[in-house]
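# Close look at the chain arrangement
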Amino acid sequence: VENRDAEDRYADALDHDPTLAEARVRRARLLTVRGKHDAAAEELTRAFAQPIEDRVLRYYAHLVGGRIETARGALPAAAEHYREALALFPTAQSALVGAGLVAMQQADARRVVETLRALDASAETGTLADPWWVYDLGYGRVADTLLTQFWDGERAR
């Protein structure tokens, strides 16, 4: 119920401002959780249609894209999303695990081993920096910026 409510709220936000990339990424995630993978892919395509300046949001978008494409059976596209996520956060556990799972499904033993080694090395050095761990905090990570933008827009009216 909460996910459906959140999905509706993101849709409302996008009706108000279609350029909200984060709302599109988060809505895409919720759609794929409900098994609506094609609709999720469309939402993510719309998010990527504009520049996503925020590095963490780009990471989220690629993780969600990897999950969507894996669910759709589009493993090369899923692998590319995970490569992009790892380019942003090379030691991120979520992206490493996703990339490893796709490599397993593709029967690419070399990439599976490489991914496992990277995950192990990151764990040993304690460098598993992964923004996904705080995904549920939502806009809290940029709340001050968003509030400033909101109030600047209101003042301009």
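## A closer look at the packing of aromatic side chains
By the definition in use, this model includes two aromatic pairs. With a centroid separation of 6.5 Å and an interplanar angle of 50 degrees, the aromatic rings of tyrosine 59 and tyrosine 60 are classed as tilted. Relative accessible area serves as the criterion here: at 0%, tyrosine 59 is assigned to the buried category. Given the relative accessible area of 1%, tyrosine 60 is considered buried. When the centroid spacing of 5.1 Å and the interplanar angle of 70 degrees are considered together, the rings of tyrosine 59 and phenylalanine 89 count as edge-to-face. One end of the pair, tyrosine 59, is in helix 4 (residues 55–71); the other, phenylalanine 89, is in the loop between helix 5 (75–88) and helix 6 (93–105), and 30 residues separate them in sequence. Here tyrosine 59 matches phenylalanine 89 in class, with each residue buried. A network of ring pairs unites the aromatic residues Tyr59, Tyr60 and Phe89 as a single cluster. The ring of phenylalanine 89 carries arginine 55 above its face, with NZ or CZ at 3.9 Å from the centroid.

## Quick notes on the packing of helix 5 against helix 6
At a minimum axis separation of 9 Å, helix 5 and helix 6 run at an interaxial angle of 155 degrees. Our classification of the angle between helix 5 and helix 6 gives roughly antiparallel. Seen along the crossing, helix 5 lies across helix 6 with a hand that is left-handed. When helix 5 is examined against helix 6, the residues Leu75, Ala78, Ala79, Tyr82, Ala85 and Leu86 are found in contact with a partner set consisting of Ala95, Leu96, Gly98, Ala99, Val102 and Gln105. Residue composition of the contact of helix 5 with helix 6, by class: ten nonpolar, two polar and no charged.

## Focus: the packing of helix 3 (residues 37–48) against helix 4
Where helix 3 contacts helix 4, the two axes come as close as 10 Å, and the packing angle between them is 150 degrees. By the angle between their directions, the pair helix 3 and helix 4 is classed as roughly antiparallel. Seen from above, helix 3 lies across helix 4 with left-handed handedness. Residues His37, Ala40, Ala41, Leu44 and Phe48 of helix 3 form the contact with helix 4, whose participating residues are Ala61, His62, Val64, Gly65, Ile68, Glu69 and Ala71. Residue classes in the contact of helix 3 with helix 4 are distributed as eight nonpolar, three polar and one charged.

Scoring rules and cut-offs
- Residues numbered from 1 in each chain as written.
- Predicted model: local features only at pLDDT ≥ 70, side-chain atom pairs only at ≥ 80, totals over all residues.
- Heavy atoms only, no water.
- Phe/Tyr/Trp six-rings, centres within 6.5 Å; stacked < 30°, edge-to-face > 60°.
- Buried < 20%, exposed > 50% of the residue type's maximum accessible area, 1.4 Å probe, protein only.
- Helix = DSSP H or I, 4+ residues; strand = E, 2+ residues; numbered from the N terminus.
- Lys NZ or Arg CZ within 6 Å of the ring centre and 35° of its normal.
- Axes fitted to C-alpha atoms, helices over the stretch in contact; angles between N-to-C directions.
- Parallel < 35°, antiparallel > 145°, perpendicular 65-115°, else oblique.
- Left-handed = near helix turned anticlockwise from the far one by under 90°.
- Contact = heavy atoms within 4.5 Å.
- Nonpolar A, V, L, I, M, F, W, Y, C, P; charged D, E, K, R; others polar.

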